[in-house]
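Architecture at a glance
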Amino acid sequence: MSLLSGYLNQFRQPSGWFGRFNLWTMNRRHSPLTDWGLSHVTVGRDATILDVGCGGGRTVEKLAAVATQGKVYGVDVSEASVAMSRSRNRKAIALGRVDIRQSGVSHLPFADRMFDLVTAVETHFYWPDLPNDMREVLRVLKPGGTFVIIAEAYKGGKHARAMDAFAAAMKPLGYSHLSVAEHRELFEKAGYAPVEVFENYDRGWICGVGKRPA
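Residues numbered from 1 in each chain as written. Predicted model: local features only at pLDDT ≥ 70, side-chain atom pairs only at ≥ 80, totals over all residues. Heavy atoms only, no water.

What follows concerns helix α7 (residues 130-140). Three or more residues of α7 are buried, namely L130, D133, M134, E136, V137, L138 and V140. Residues of α7 that are buried make contact with β1 (48-52), β4 (115-121), β5 (141-151) and α9 (180-190). (Buried < 20%, exposed > 50% of the residue type's maximum accessible area, 1.4 Å probe, protein only. Helix = DSSP H or I, 4+ residues; strand = E, 2+ residues; numbered from the N terminus. Contact = heavy atoms within 4.5 Å.)

A word on the pattern of salt bridges. Taken as a whole and assessed by the stated rule, the structure comprises eight salt bridges. In this structure, E61 engages R88 in a salt bridge whose closest nitrogen and oxygen atoms are separated by 2.7 Å. Separated by 27 residues along the polypeptide, E61 in helix α4 (residues 58-66) and R88 in helix α5 (residues 79-88) bring together distant segments of the chain. According to the relative accessible area criterion, R88 is partly exposed, its value standing at 35%. A salt bridge links K155 to E182; the shortest N-O distance between them is 3.3 Å. Highlighted residues: K155 in the loop between β5 and α8 (160-170) and E182 in helix α9, separated in sequence by 27 residues. For E182, a relative accessible area of 29% gives the class partly exposed. Via salt bridges that share partners, D112, E136 and R139 belong to a single interconnected network. (Salt bridge = Lys/Arg side-chain N within 4 Å of Asp/Glu carboxyl O.)

Here we take up the packing of α7 against α9. Look at α7 against α9: their axes get within 9 Å of each other, and the N-to-C directions meet at 55 degrees. Regarding the angle of α7 to α9, the classification is oblique. For the pair α7 and α9, the sense of crossing is right-handed. Of α9, the residues touching α7 (which contributes L130, P131, M134, R135 and L138) are L186, F187, K189 and A190. Considering only residue class, the contact of α7 with α9 consists of seven nonpolar, no polar and two charged. (Axes fitted to C-alpha atoms, helices over the stretch in contact; angles between N-to-C directions. Parallel < 35°, antiparallel > 145°, perpendicular 65-115°, else oblique. Left-handed = near helix turned anticlockwise from the far one by under 90°. Nonpolar A, V, L, I, M, F, W, Y, C, P; charged D, E, K, R; others polar.)

Under the criterion given, the structure shown has 11 aromatic pairs. Relative to W205, the ring of W36 has its centre 5.7 Å away and its plane inclined at 45 degrees; by these criteria the two rings are tilted. Here the residue W36 occupies a position in helix α3 (residues 31-38), and W205 occupies one in strand β7 (residues 205-211), the gap between them amounting to 169 residues. You'll find W36 and W205 in the same group, each marked buried. Considering the side-chain rings of F110 and F115, the 5.1 Å spacing of their centres and the 85 degrees angle between planes classify their relative orientation as edge-to-face. Accessibility assignment for this pair places F110 and F115 in one class, buried. (Phe/Tyr/Trp six-rings, centres within 6.5 Å; stacked < 30°, edge-to-face > 60°.)

Our next topic: unusual backbone geometry. Among all residues except glycine, the phi angle is most often negative; among peptide bonds, the trans geometry is most common. For the bond running from A193 to P194, omega is -5 degrees, close enough to zero to count as cis. As for its placement among the helices and strands, P194 is situated in the loop between α9 and β6 (195-200). You will see that R113, though not glycine, has its phi angle at about 55 degrees, which is positive. With respect to the element layout, R113 can be found in the loop between β3 (98-102) and β4.

So, about the sheet that holds strand β2 (residues 71-76). The strand order β3-β2-β1-β4-β5-β7-β6 describes an open sheet built from seven strands, whose pairing is mixed. With one partner strand each, in any of the chains shown, β3 and β6 form the two edges of the open sheet. The sheet shows a mean angle of 15 degrees between the axes of neighbouring strands, direction not considered. Pairing geometry for β4 and β5, over six bridges, is parallel. Paired with T119 across the bridge in β5 is V148. Taken strand by strand, α5 contacts β2 and β3, and its axis lies near 165 degrees from that of β3. (Pairing = 2+ DSSP bridges.)

Turning to its location among the elements, S81 is positioned in helix α5. Sequence separation between S81 and G53 is 28 residues, and the spatial gap between their C-alpha atoms is 8.4 Å.

Here it is as structure tokens:
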């Protein structure tokens with residue numbers, strides 16, 4: 001892997017000291033984006049929730065603070081991400097309210113129809129087989145359950161020029177660069193209904209919400 005590819009791969013799969021630093025900065029930088037995205041869904045106090053690509057664990061922490069009578073799971077393919085997520089949520093883990101596991105999205109280590117809510121913040125564009133991975137998330141959702149994708153990287157937004165350049169650099173690593181309409185189509189083709197896609201153009205943010213039909 002070239003030096004450039006190795007650097008770019010840190011965004012997809014953090015590792016080593018730079019990966020830990022990257023996770024720390026993402027925890028801080030993505031917090032307002034996450035809050036905006038989660039404002040489009042209902043987080044029940046007794047919900048069973050999964051955060052896919054949990055990174056540094058801040059989204060898991062936010063969800064656990066709301067689902068006080070439920071349980072929040074996080075998965076990430078990166079060992080460094082799992083370690084940081086576990087460290088950040090160690091008290092909730094000790095109480096049995098949070099569980100962090102190392103896993104990719106393509107084969108989630110959970111039973112069918114387990115979750116009320118699944119979240120994915122700044123991660124879906126790195127998934128190895130996005131259409132099939134969307135269906136894998138659908139598998140673990142309860143009927144009527146919700147899947148929300150939250151991101152600041154998409155095609156055609158306010159920061160399109162910068163995002164297009166980043167997407168071109170990331171393309172050899174399997175990066176998926178989708179427009180607002182393509183996000184909607186992604187959910188619909190995977191079997192979610194209804195589907196809503198929200199865009200905050202001024203901030204360059206996108207949020208897709210789909211439900212597993214009851």
